[in-house]
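A structural walkthrough
Chain by chain, the residues:
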Amino acid sequence: MLFRRSFNLEIFKIFFGRWTLISIVFSGCFLFFLMSMSTSPKTKTTRDVRFIVKQTTSKNSTDTNTYSWKNVQDIIFQPKASSSPTPEIPSDRLLWQQAGFPEGDANPSLVAILDMFHSKMSQRGRKLVNPHSYRYIHNVPNACVGRKVELIVGVPTRTSSFEARQAIRESWAQYANDPSNNAVVLFFLGVQSDKAGQEQIDAEALKCGDIVQEDFEDTYRNLSLKSVALVKWVSVYCPESTFTLKADDDMYVNMPRLLVRLRQQLSRGPLFLLGAIHQNTAPFRDKKNKWAVTRDEYPDKLFPNYLSGTAYAMTSTAAMRLYLESLYVSFLFLEDVYLTGLVADQAAVPRVADSDFNWAKYEADGCKFRDKISGHKNTPEEIRKIHKELFDPNLRCAAG
């Protein structure tokens, strides 16, 4: 028994001594590693490059915080101070920043999308073809500041359509006047050469505070620029919003019904375009046609499926993806084909058909719009009439 106890004690001493030695060696290596990490220069290339934007205040600005994005050749980059050498900016990232996207001020979720998108684009080796670097004449950059916005409504409109804009403000856009609805309605314009007309827009922007105007020419063939301006605005100024609606200025939109439908669709997934779908549509080739497309502009026999541009809605996540992808898809003046067809295909945003959206002309009657989201070709007077009747508590409609 004495021999066994002595033998076990010797084994314990040997084991304990070896384990103590191993522990000391391991601890020393670990401390050396920590010291080297704290003293050695960082080799990871920084990606936090911010660019400077010019903040202007003018009599033509809607808001004193309106940003005027500089043209591509005038953009200045300001790297953060660092003890390590300033890293070279990859050419594809430089092009992205030259497009006028404020990375430094972006929402973190949008930055993540941007980084993934950049990685994908650099792998594909694509170049920017539509930087959309137009300057804001009027903007409403603080529309979403300090609030949770559910719906952004963008109405592309001609500079001369003062009465149409006012009819919308006095009818279905009043939904946004109730703070509990968490909605924002904005009108998107280009510019015209008429000085008197521009002065009238300046006054309208100052009075109403809902004009977003960029300095591209306001023409029919630039409609796609207005739609891209909308999804860019959502991406830059309201990325935390839930939904985005694009509607023409001759549309009546049943806003409560729209929100019910959007919330239902959101429960099925966070990425979609919703509207009246066009399938297997061939381009018009006759040059006399208003919508004629040359083979140089679009060579294929059929357009991809797309949503009617009269009115369509999407998640704001989809809007951000469409904006990012539009930078790399060749321009086409047919805005619905371009954004909800060509760009949506490249961005992998699914289209969802909804018969409540319609490009047809309905009778200007409140009862006709009870079970509709949108109707087309309405005069300002008809828009007001539909709205008044639809929200009349004494409205009585025939069954069926």
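The rules behind these values
Residues numbered from 1 in each chain as written. Predicted model: local features only at pLDDT ≥ 70, side-chain atom pairs only at ≥ 80, totals over all residues. Heavy atoms only, no water. Salt bridge = Lys/Arg side-chain N within 4 Å of Asp/Glu carboxyl O. Buried < 20%, exposed > 50% of the residue type's maximum accessible area, 1.4 Å probe, protein only. Helix = DSSP H or I, 4+ residues; strand = E, 2+ residues; numbered from the N terminus. pLDDT = per-residue confidence, 0-100. Contact = heavy atoms within 4.5 Å. Phe/Tyr/Trp six-rings, centres within 6.5 Å; stacked < 30°, edge-to-face > 60°. Lys NZ or Arg CZ within 6 Å of the ring centre and 35° of its normal.

A few words on the pattern of salt bridges. Applying the stated criterion to the full structure yields 17 salt bridges. Note that Lys226 is salt-bridged to Asp218, the shortest N-O span being 3.2 Å. Like Asp218, Lys226 is buried. Between Lys385 and Glu389 there is a salt bridge, and its shortest N-O distance comes to 2.7 Å. Of this pair, Lys385 and Glu389 are both found in helix α10 (residues 380-390), four residues apart, which corresponds to roughly one turn of the helix. The partly exposed category is assigned to Lys385, whose relative accessible area is 38%. What makes Glu389 partly exposed here is its relative accessible area of 23%.

On average, residues of the protein score 79 in pLDDT, and 68% of them reach the 70 mark or higher. Contacts of residues 11-16 to residues separated by more than four positions or lying in other chains number zero contacts, the stretch itself having pLDDT below 50. Segment residues 36-105 is flagged for pLDDT under 50; beyond a separation of four residues in sequence, or across chains, it makes 115 contacts in the model.

Evaluated as defined, the whole model comprises eight aromatic pairs. Between the aromatic rings of Tyr252 and Phe369, the centroid separation amounts to 5.4 Å while the plane-to-plane angle is 75°, which identifies the pairing as edge-to-face. Here Phe369 lies in the loop between β13 (351-353) and β14 (374-375) and Tyr252 lies in strand β10 (residues 252-253), a separation of 117 residues in the sequence. Ring plane angle 45° and centroid distance 4.9 Å describe the contact between Tyr298 and Phe303, whose orientation is recorded as tilted. This pair shows no difference in class: Tyr298 is buried, exactly as Phe303 is. Through successive ring pairs, a cluster of aromatic residues spans Tyr136, Trp233 and Tyr237. Its guanidinium or amino end placed over the ring of Tyr220, Lys290 lies 4.5 Å from that ring's centre, counting from NZ or CZ.

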